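Chain by chain, the residues:
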Amino acid sequence: MKEIKAVIRPNKLTTLRESLRGIPGFPGMTVSKAEGCSAPSRHSPSSIKEELTDFTPKVRIEIVAPDEVAEAIYNAIVSVAQTGHIGDGLVWMTDIERASFIHKTTGL
């Protein structure tokens, strides 16, 4: 299994959700609000006020998926989320040693 996480622009969420729903075996996702800022080398705040408020709204997505659909999910996120501008976000994928869907677990 793989865990796929992404931080993207909020206006891309609806399109991404529709794209992911079209992938056979897509298991669903968790979405939460987030805020982010650019790396210091890309943008230097010009005042203390700007430095303290230099965050832009983002959406964080978390997906746990079987290996056979993980690459398609990852590629869909990259494809849908990119605009070609700084601040498009980040997507990463890691291995999961063990995971259980709680509603399908019958005992320990």
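Residues numbered from 1 in each chain as written. Predicted model: local features only at pLDDT ≥ 70, side-chain atom pairs only at ≥ 80, totals over all residues. Heavy atoms only, no water.

### Side note on the overall build of the protein
Helices and strands together make up the secondary structure of the protein, namely 3 helices and 4 strands. Burial status across the protein gives 23% buried among its 108 residues. Residue pairs in contact within the protein that sit at least 24 positions apart in sequence constitute 79% of those at least 6 positions apart. Just so you have it, the protein exposes about 7600 Å², and 53% of that area is on carbon and sulfur atoms. (Helix = DSSP H or I, 4+ residues; strand = E, 2+ residues; numbered from the N terminus. Buried < 20%, exposed > 50% of the residue type's maximum accessible area, 1.4 Å probe, protein only. Contact = heavy atoms within 4.5 Å. Areas by Shrake-Rupley, 256 points an atom, 1.4 Å probe, with all protein chains shown as cover.)

### A look at the pattern of salt bridges
For the coordinates displayed, the defined rule picks out 6 salt bridges. A salt bridge links Asp88 to Arg9; the shortest N-O distance between them is 2.9 Å. Of the two residues, Asp88 is situated in the loop between α3 (67-81) and β4 (89-95) and Arg9 in the loop between β1 (2-8) and α1 (13-21); the sequence distance between them amounts to 79 residues. With a relative accessible area of 13%, Asp88 lands in the buried category. Relative accessible area serves as the criterion here: at 22%, Arg9 is assigned to the partly exposed category. Among the charged side chains, a salt-bridge network with shared partners connects Arg17, Glu18 and Arg21. (Salt bridge = Lys/Arg side-chain N within 4 Å of Asp/Glu carboxyl O.)

### Topic: the side chain of Lys5
Within the fold, Lys5 resides in strand β1. For Lys5, the contacting residues outside a window of four places in its chain are Arg60, Ile61, Glu62, Leu90, Val91 and Trp92.

### Let's talk about the environment of Ala70
As for its placement among the helices and strands, Ala70 is situated in helix α3. According to the relative accessible area criterion, Ala70 is buried, its value standing at 1%. Separated by 66 residues in sequence, Ala70 and Ile4 place their C-alpha atoms 7.5 Å apart. When near neighbours in sequence (up to four residues on either side) are disregarded, Ala70 contacts Lys2, Ile4 and Met93.

### Concerning α3
Helix length check: α3, at 15 residues, gives a terminal C-alpha distance of 22 Å against a target of 21 Å (1.5 Å per residue), a fit within 8%. Those residues of α3 lying buried are Val69, Ala70, Ile73, Ala76, Ile77, Val80 and Ala81. Looking straight down α3, one finds that the buried residues subtend no more than 135° of arc, so they occupy a single side. Check the buried side of α3 and you find it contacts β1, α1, β3 (56-65) and β4. (Expected span 1.5 Å × (residues − 1). Arc of directions from axis to C-beta.)

### Let's talk about the sheet that holds strand β2 (residues 30-36)
Taken together, the 4 strands give an open sheet; going across it, the order is β2-β3-β1-β4, and neighbouring strands pair in antiparallel fashion. The open sheet is flanked by β2 and β4, the only strands paired with a single partner. Going across the sheet, the axis of each strand differs from the next one's by a mean of 20°, ignoring polarity. When β1 meets β4, the two strands line up antiparallel, connected through 7 bridges. Each bridged residue has a counterpart across the sheet, and for Ala6 the counterpart in β4 is Val91. Against the sheet, α1 makes contact with β1, β2 and β3, and its axis sits at roughly 15° relative to β3, the strand it touches most. Here α3 sits on the sheet and contacts β1, β3 and β4; the angle it forms with β1, its principal contact strand, is near 10°. (Pairing = 2+ DSSP bridges. Axes fitted to C-alpha atoms, helices over the stretch in contact; angles between N-to-C directions.)

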